[in-house]
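Chain and residue survey
What follows is each chain in one-letter form.
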Amino acid sequence: MNLFETEKFRRRQKGLMRRSEIQILGFLLAIGVVISGAVFLVANLRGNQQFSQSASQVRKSPPLALKTGDPYIRALMRTISASESNVSRPYHVVYGGKYVLDLSRHPDWCVRIVNGPNKGKCTTAAGRYQFLTTTWKDKAKRYHPRPANFVWWQDYSFEPEDQDAVVYAWLSDRKFWKADIPQMLREEKLTEVLRMLSGTWTSLGYGIENNSMSSSLPKVYREMLRQELENPSS
């Protein structure tokens, strides 16, 4: 083999090595894409885990901690929670499906949103009605039945009964909503009520964050109302 052929052979070998390196790099990149996709899918599934139950399973959801009140408002509250916190311990759940033990006050956990139009932002949604910290403080100031008064500020228990009491009083406030929600429900105007509330609870079928329960909410409401009318203290 002369010098020219030797040089040609070396160049060919280098070319083959470069192609092999490119193929290996491409293979590694492909594996990385697959792994990233799998991680993203798992994160989304976990983020939506609390909404994965079917409408039929809502019948087994826990009753309200609040023992009294208008059965129509109570049924609406249970319908809201079926979409917002469809889990076995709704009063303790925070966004993403984790649970908090201490309900002496709103947990105020900042959890990263994993999907939907607000993906990447932080949410402090917690409890049966997924109250944001700011919303809870504002509504508790108006409606909380037993605020804790200190010298310079007030604090608000986030116990189950208090979550219910605040939402019950809020939904019953005709001045706030500029509408009589209990009467609208008695007139079977559920669609109008859900549309009106979707600016607050965005998973009710007319907001920006519908989930697997949203389309089933009318059916859920009818079942909750049946239970409440049959057993007002349920």
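For the structure, see preceding data.
Worth saying up front: this structure is predicted, and the values here are computed from it rather than measured.

A complete count under the given rule lists seven aromatic pairs for this structure. Seen from their ring centres, Phe-176 and Trp-177 are 4.9 Å apart, and the 80° between their planes marks the pair as edge-to-face. Given the relative accessible area of 28%, Phe-176 is considered partly exposed. Among the aromatic residues, those joined into a cluster by ring pairs are Phe-131, Trp-136, Phe-158, Trp-170, Phe-176, Trp-177 and Trp-201. Positioned over the ring face of Tyr-206 is Arg-195, at 4.6 Å from the centre of the ring.

The next subject is the nonpolar core. One finds Leu-76, Leu-171, Ile-181, Leu-185, Leu-197 and Trp-201 to be the most contacted residues of the largest nonpolar core, which totals 42 residues. Of all elements in the fold, only helix H2 (71-84), helix H3 (133-143), helix H4 (160-171), helix H6 (181-186), helix H7 (190-197) and helix H8 (217-230) reach the threshold of two or more residues within this core. In terms of residue count, the dominant contributor to this core is H2 (seven residues). Among all residues touching Trp-201, those that are not within four sequence positions of it are Ile-80, Glu-84, Tyr-129, Val-167, Trp-170 and Leu-171.

Basis of the calculations
- Residues numbered from 1 in each chain as written.
- Predicted model: local features only at pLDDT ≥ 70, side-chain atom pairs only at ≥ 80, totals over all residues.
- Heavy atoms only, no water.
- Phe/Tyr/Trp six-rings, centres within 6.5 Å; stacked < 30°, edge-to-face > 60°.
- Buried < 20%, exposed > 50% of the residue type's maximum accessible area, 1.4 Å probe, protein only.
- Lys NZ or Arg CZ within 6 Å of the ring centre and 35° of its normal.
- Core = buried A, V, L, I, M, F, W, Y, C linked by side-chain atoms within 4.5 Å.
- Helix = DSSP H or I, 4+ residues; strand = E, 2+ residues; numbered from the N terminus.
- Contact = heavy atoms within 4.5 Å.

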